[in-house]
Amino acid sequence: MRVDTPWLDQRELRAWVRLRAMLELLPGVLDAQLRRDADLTEFEYYLLAVLSEARDRTLRMTELARMTNATLPRLSHVVTRLERRGLVSRFPCPGDARVTNARLTGDGQAKVEQAAPGHVENVRDHVIDALSGEQIGQLAEIGDAILSRLDPAGTMTATYTRYDETPEPPREQA
């Protein structure tokens, strides 16, 4: 059965082509800076950053895979590389020996702290400072709209909403 899908109009095509170009160019820009300044790929940095924010700097490998949107084989390969460098360690989960945990080591924490300023500067330079305050809010809203289609089950919602502002509780009136 063939469905007639309407072609993108000029305005839609203009937006899509720009989004596609950003999706192609931004990963390379982020990766190049981290490789040059911290000897890390962007994915390695992200993995270390996720672990640095976890309780006891430790996560189950399955949870780390979910949070980084990595397959377990890819994650295992990257964690093995980071283990060899002394940045991450793996060990059996104390409550369930069938489960493997990944923990950020002290050297791993130091590497994240060393890499973070340059990474933030790069993100500011190429994304944040290119936008007005209003556009930053719009970018978050656009991201939410697209992510609701890409992740309808909300599998990664906690990962991409963890920095959302929480509303202040209402003030009591005197």
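You'll find the structure just up there.
How each quantity is defined
- Residues numbered from 1 in each chain as written.
- Predicted model: local features only at pLDDT ≥ 70, side-chain atom pairs only at ≥ 80, totals over all residues.
- Heavy atoms only, no water.
- Axes fitted to C-alpha atoms, helices over the stretch in contact; angles between N-to-C directions.
- Helix = DSSP H or I, 4+ residues; strand = E, 2+ residues; numbered from the N terminus.
- Parallel < 35°, antiparallel > 145°, perpendicular 65-115°, else oblique.
- Contact = heavy atoms within 4.5 Å.
- Nonpolar A, V, L, I, M, F, W, Y, C, P; charged D, E, K, R; others polar.
- Buried < 20%, exposed > 50% of the residue type's maximum accessible area, 1.4 Å probe, protein only.
- Pairing = 2+ DSSP bridges.
- Phe/Tyr/Trp six-rings, centres within 6.5 Å; stacked < 30°, edge-to-face > 60°.
- Lys NZ or Arg CZ within 6 Å of the ring centre and 35° of its normal.

(A) A look at the packing of helix H2 (residues 42-53) against helix H4 (residues 72-84). Two numbers describe how H2 lies on H4: the axes approach to 11 Å, and their chain directions differ by 85 degrees. One finds that H2 runs roughly perpendicular with respect to H4. The segment H2 lies against H4, with Phe 43, Glu 44, Leu 47 and Leu 48 engaging Arg 74, Leu 75, Val 78, Val 79, Arg 81 and Leu 82. By residue class, the composition of the contact of H2 with H4 is seven nonpolar, no polar and three charged.

(B) Quick peek at the environment of Val 88. Looking at where Val 88 falls in the secondary structure, it is placed in strand S2 (residues 88-93). Residue Val 88 is classed as buried on the basis of its relative accessible area of 3%. Taking the C-alpha atoms as reference points, Val 88 and Gln 109, separated by 21 residues in sequence, lie 9.2 Å from one another. Excluding residues within four positions of it along the chain, Val 88 makes contact with Leu 48, Leu 51, Val 79, Leu 82, Glu 83, Ala 102, Arg 103 and Thr 105.

(C) Local environment of the pairing of S2. Bridge count for S2 against strand S3 (residues 96-104) is six bridges, and the pairing is antiparallel. Each bridged residue has a counterpart across the sheet, and for Phe 91 the counterpart in S3 is Asn 101. Turn length for the S2-S3 hairpin, with the two strands adjacent in sequence and antiparallel, is two residues.

(D) Structural context of the packing of aromatic side chains. Summed over all chains, the structure comprises zero aromatic pairs. Cation over ring: Arg 74 sits above Phe 43, and NZ or CZ is 3.8 Å from the ring centre.

(E) The packing of helix H3 (residues 61-68) against H4, seen in detail. Two numbers describe how H3 lies on H4: the axes approach to 10 Å, and their chain directions differ by 105 degrees. Of the possible angle classes, the one that applies to H3 and H4 is roughly perpendicular. Where H3 approaches H4, its residues Met 61, Thr 62, Leu 64, Ala 65 and Thr 68 are matched on the opposing element by Leu 72, Leu 75, Ser 76 and Val 79. Broken down by class, the residue content of the contact of H3 with H4 amounts to six nonpolar, three polar and no charged.

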